Amino acid sequence: MKTAPFSMRLEATLKTRLEDEAKRRDRTASFVANRAIRLYFDELDRTHRELEEAFAEADKGVFISGEAVQKWMESWGTDHELPPPEPDIFPEPKTGKRVA
């Protein structure tokens, strides 16, 4: 993989942690920093994907009401624990009529 020089300023404690980790791994500080940055961006990409999926799901307009969730949660730990609630909020059917 091609590399490019990059310079940055680190907090002193972070620099020490980076150098200590590099010694523990018998690697360079550059290697450890590169890996940490890659992992950070991988996690950031995963978070963005999950948010996009959640927004797409929410755009469908199908939800579980707070009341249904509350009733379910209140049953936890009782002899009559309820199963997880099913969606009970749905989008309005499209009628083709204009709403003023």
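Located above this text is the structure these notes cover.
Overview of the structure.

A word on the overall build of the protein
What the protein contains, in helices and strands, is three helices and zero strands. Shown N-terminal to C-terminal, the secondary structure of the protein runs as helices and strands in the order α-α-α. The C-alpha radius of gyration computed for the protein amounts to 25 Å, which surpasses the reference 13 Å derived for 100 residues by more than 25%, pointing to a less compact arrangement than a globule. Dimensions of the protein, computed from the C-alpha atoms along their principal axes, are close to 60 × 50 × 25 Å. Each of the 100 residues in the protein was classed as buried or not, and the buried ones make up 7%.

Quick look at the packing of aromatic side chains
By the definition in use, this model includes two aromatic pairs. Residues Tyr40 and Phe41 carry aromatic rings whose centres are separated by 5.3 Å and whose planes lie at 75° to one another, so their mutual orientation is edge-to-face. Overall, Phe41 belongs to the partly exposed group, its relative accessible area being 44%. Ring geometry for Trp72 and Trp76: centres 5.0 Å apart, planes at 90°, overall edge-to-face. The cationic tip of Arg27 hangs over the ring face of Phe31; the distance from NZ or CZ to the ring centre is 4.1 Å.

Some points on the pattern of salt bridges
Pairing between side chains of opposite charge can happen when the charged atoms of each approach one another. All told, the structure shown has six salt bridges when counted by the stated rule. The partner of Glu19 in a salt bridge is Lys15, and the shortest N-O contact between them spans 2.6 Å. Taken together, the residues span about one helical turn, with Glu19 and Lys15 both in helix H1 (residues 12-25) at a distance of four residues. Taking relative accessible area as the criterion, Glu19 reaches 32% and is therefore assigned partly exposed. Here Lys15 falls in the partly exposed class, since its relative accessible area comes to 41%. With a closest N to O distance of 2.4 Å, Arg46 and Glu50 form a salt bridge. Within this pair, Arg46 and its partner Glu50 are both found in helix H2 (residues 29-59), separated by four residues, close to a single helical turn. Residue classification places Arg46 among the partly exposed residues on the basis of a relative accessible area of 32%.

Points about the packing of H1 against H2
Direction vectors running N to C along H1 and H2 enclose 105°, while the axes themselves pass 8 Å from each other. Compared by their axis directions, H1 and H2 come out roughly perpendicular. Here Leu18, Glu21, Ala22 and Arg25 of H1 come into contact with H2, specifically with Ala29, Val32 and Ala33. For the contact of H1 with H2, the class distribution of residues is five nonpolar, no polar and two charged.

Re the side chain of Ser65
Along the chain, Ser65 falls in the loop between H2 and helix H3 (66-75). When its relative accessible area of 9% is taken as the criterion, Ser65 is described as buried. Aside from chain neighbours lying at most four places away, what touches Ser65 is Asp88 and Ile89.

Reading the values: the criteria
- The residue numbers shown here count from 1 along each chain, following its written sequence.
- At least 70 in pLDDT is required for a residue's local features to be given in this predicted model, at least 80 for side-chain atom pairs to be given and counted, and no such filter applies to totals for whole chains, interfaces and linings, which use all residues.
- Calculation of side-chain values draws on the structure's entire complement of heavy atoms; hydrogens and water are dropped beforehand.
- Each helix is a run of DSSP H or I of at least 4 residues and each strand a run of E of at least 2, with the numbering of both proceeding from the N terminus.
- Two things to know: the radius of gyration comes from C-alpha atoms, and the globule rule equals 2.2 Å times the number of residues to the power 0.38.
- When a residue's accessible area, from a 1.4 Å probe over protein chains only, is under 20% of the maximum for its type it is buried; when over 50% it is exposed; and in between it is partly exposed.
- The rule is short: rings of Phe, Tyr and Trp, with Trp giving its six-membered ring, pair when the centres are within 6.5 Å, and they are stacked under 30 degrees, edge-to-face over 60, tilted in between.
- Note on criteria: charge over ring means Lys NZ or Arg CZ within 6 Å of the ring centre, with the direction from the centre no more than 35 degrees off the ring normal.
- A carboxyl oxygen of Asp or Glu within 4 Å of a side-chain nitrogen of Lys or Arg is what we treat as a salt bridge.
- Here, axes are lines fitted to C-alpha atoms. For helices the fit covers the stretch in contact, and angles between N-to-C directions go from 0 to 180 degrees.
- Note on terminology: angles under 35 degrees are roughly parallel, angles over 145 are roughly antiparallel, angles of 65 to 115 are roughly perpendicular, and the others are oblique.
- Contacts are residue-level and defined by heavy atoms, with any inter-residue pair within 4.5 Å sufficient.
- Residue polarity is assigned by list, with Asp, Glu, Lys and Arg as charged and Ala, Val, Leu, Ile, Met, Phe, Trp, Tyr, Cys and Pro as nonpolar; anything else, Gly included, falls into the polar class.

Scope: geometric values only; no functional claims are made or implied.
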